[in-house]
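# Inside the fold
Okay, here's what each chain looks like letter by letter:
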Amino acid sequence: MLRKIFNPARLSRFQRTMVTVSSSDALVSTEVDDKTGYATVTLNRAPVNSLSLELMTEIVKTVDELERSNIRGMVLTSFSNKVFCAGLDIMEMVNPDLDRLRAVWTRLQDTWASLYGTSFPTVALINGHAPAGGCLLALCCEYRVMCNNFNIGLNETQLGLAVPPWLQGTMRQTIGTREAEIHCIKGTMFNSQDALKIGLVDELAAENGEAMQRALHYLNTFKQMSPYARSATKLLMRNKDIEDMKRGRKEDVERFVENVMNSDFQNGLTVYLQSLKNRKNK
Ligand SMILES: CCCCCCCCCCC/C=C/C(=O)SCCNC(=O)CCNC(=O)[C@H](O)C(C)(C)COP(=O)(O)OP(=O)(O)OC[C@H]1O[C@@H](n2cnc3c(N)ncnc32)[C@H](O)[C@@H]1OP(=O)(O)O
């Protein structure tokens, strides 16, 4: 069954919808161009947009609001021109409170489902590094434009985390089964050129302005197309994955909690955090 379908009857409402901008201290800010109907959603959590419970809650809220306002497309990007998103906030996993840890994983599932299942077209403008959960955000979008000289990939296994089945599936869909298996297991991080070669991203750009032009070009390809046919086709392709995730979500949360509470994982995390700091001090 289709979960959400673009409703052309609601278009007239959209045409009256004007520019929306969130407050300057918001974790996620949104601007809608009233001429094109395209929203630019900017992740705004300094320094590296790591996915805390609060940031993920804002992402889900933003996508839900955009879904209700009938925009014609969305570009997801970062305030920083160095890091698109550094993945899950590692601090959420250090000696965590169990209820909050469960909420974090549940919200990551929600973030994936809402971004992956938008009726409108989505482009990730990857203007910085995108490890793990950062790569996940990009994979949820339909199209990926990446700036040169950054890294992207699902490096969870390098951190001692297993990649959940729904995230593996999104990777499989993007780069194919064989490559997804190899690179999820290895936890490969790709530089921009290699990410393009393997199909993890669709286009490269020298800088942000060019990346935005390429992102808008993708959105413009749907200008003359029936929004109904477009979104119905997308959702018919994606809804089964979302339903599958929802069916197994409780077990998925418990696997994550077990993984994180394991003492080897906690020890590894301390070493990993220290290695991040040492790298910085070099
Ligand atoms: C079968 C089912 C099993 C269930 C189990 C499931 C588990 C699967 C999990 C799958 C989902 C996703 C998981 C994740 O996302 S884990 C997080 C992975 N992220 C990383 O490894 C990124 C680490 N960071 C970096 O590599 C670099 O910081 C980066 C390249 C992103 C940027 O480098 P840069 O030099 O610009 O910045 P700094 O390294 O100096 O960082 C600035 C400060 O930010 C802190 N930082 C960085 N990343 C994170 C993070 N992810 N969380 C929290 N904090 C982060 C860093 O320590 C610096 O802090 P200080 O200024 O205080 O030193």
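Below: a short report on this structure. Just so you know, these numbers come straight off a predicted model, no measurement behind them.

On to the overall build of the protein chain, then. Counting its regular elements, the protein chain contains twelve helices and nine strands. Dimensions of the protein chain along its principal axes, counting C-alpha atoms only, are 55 × 40 × 40 Å. By sequence separation, contacts in the protein chain at least 24 residues apart represent 74% of the contacts at least 6 residues apart.

Our focus in this paragraph is the nonpolar core. Of all hydrophobic cores here, the largest spans 69 residues; its most connected members are Met 74, Val 123, Leu 125, Ile 126, Ala 138, Val 145 and Ile 152. The element that contributes the greatest number of residues to this core is helix 3 (residues 98-116), accounting for seven residues.

What follows concerns the packing of helix 4 (residues 133-140) against helix 6 (residues 165-175). Across the interface, helix 4 lies against helix 6 with an axial gap of 10 Å and an inter-helix angle of 55 degrees. With respect to helix 6, the axis of helix 4 lies oblique. As for how helix 4 packs across helix 6, the hand of that crossing is left-handed. Between helix 4, through Leu 136, Leu 139 and Cys 140, and helix 6, the contact on the second element is made entirely by Leu 167, Thr 170, Met 171 and Thr 174.

Our focus in this paragraph is the pairing of strand 2 (residues 38-43). Of all the six residues making up strand 2, five are buried; the element is thus mostly covered by neighbouring parts of the structure. Where strand 1 (residues 28-32) lies against strand 2, five bridges are found, and the strand directions are antiparallel. Residue pairing across strands places Val 32 opposite Ala 39, the latter belonging to strand 2. As paired elements, strand 2 and strand 3 (residues 73-78) share six bridges and run parallel to each other. Paired with Tyr 38 across the bridge in strand 3 is Gly 73.

The next point concerns the site of the ligand. Taken together, 28 residues lie near the ligand, and Ser 50, Gly 87, Leu 88, Ala 132 and Gly 133 sit nearest. Looking at the shell around the ligand, the elements with two or more residues in it are helix 5 (156-159), helix 11 (249-261) and helix 12 (263-281). Taken together, the residues of the shell around the ligand break down into 16 nonpolar, six polar and six charged.

Take the sheet that holds strand 6 (residues 143-147) next. Ordered in space as 1-2-3-4-6-9, the six strands form an open sheet in which the pairing is mixed. The sheet is open, and its two borders are formed by strand 1 and strand 9 (203-205), each paired with just one other strand. Between one strand and the next, the sheet's axes are offset by a mean angle of 20 degrees, whatever the strand orientation. Of the pairings in the sheet, the one linking strand 3 to strand 4 (residues 122-126) comprises three bridges and is parallel in character. Residue pairing across strands places Leu 76 opposite Ala 124, the latter belonging to strand 4.

We now examine helix 4. For an α-helix, 3.6 residues make a turn, and residues three or four places apart therefore share a direction. Of all eight residues in helix 4, eight are buried, a share of seventy percent or more. Three or more residues of helix 4 are buried, namely Gly 133, Gly 134, Cys 135, Leu 136, Leu 137, Ala 138, Leu 139 and Cys 140.

Criteria and thresholds
Residues numbered from 1 in each chain as written. Predicted model: local features only at pLDDT ≥ 70, side-chain atom pairs only at ≥ 80, totals over all residues. Helix = DSSP H or I, 4+ residues; strand = E, 2+ residues; numbered from the N terminus. Contact = placed C-beta atoms within 7 Å. Core = buried A, V, L, I, M, F, W, Y, C linked by C-beta atoms within 7 Å. Buried ≥ 20, exposed ≤ 12 C-beta atoms within 10 Å, placed from the backbone. Axes fitted to C-alpha atoms, helices over the stretch in contact; angles between N-to-C directions. Parallel < 35°, antiparallel > 145°, perpendicular 65-115°, else oblique. Left-handed = near helix turned anticlockwise from the far one by under 90°. Pairing = 2+ DSSP bridges. Near = placed C-beta within 6 Å. Nonpolar A, V, L, I, M, F, W, Y, C, P; charged D, E, K, R; others polar.

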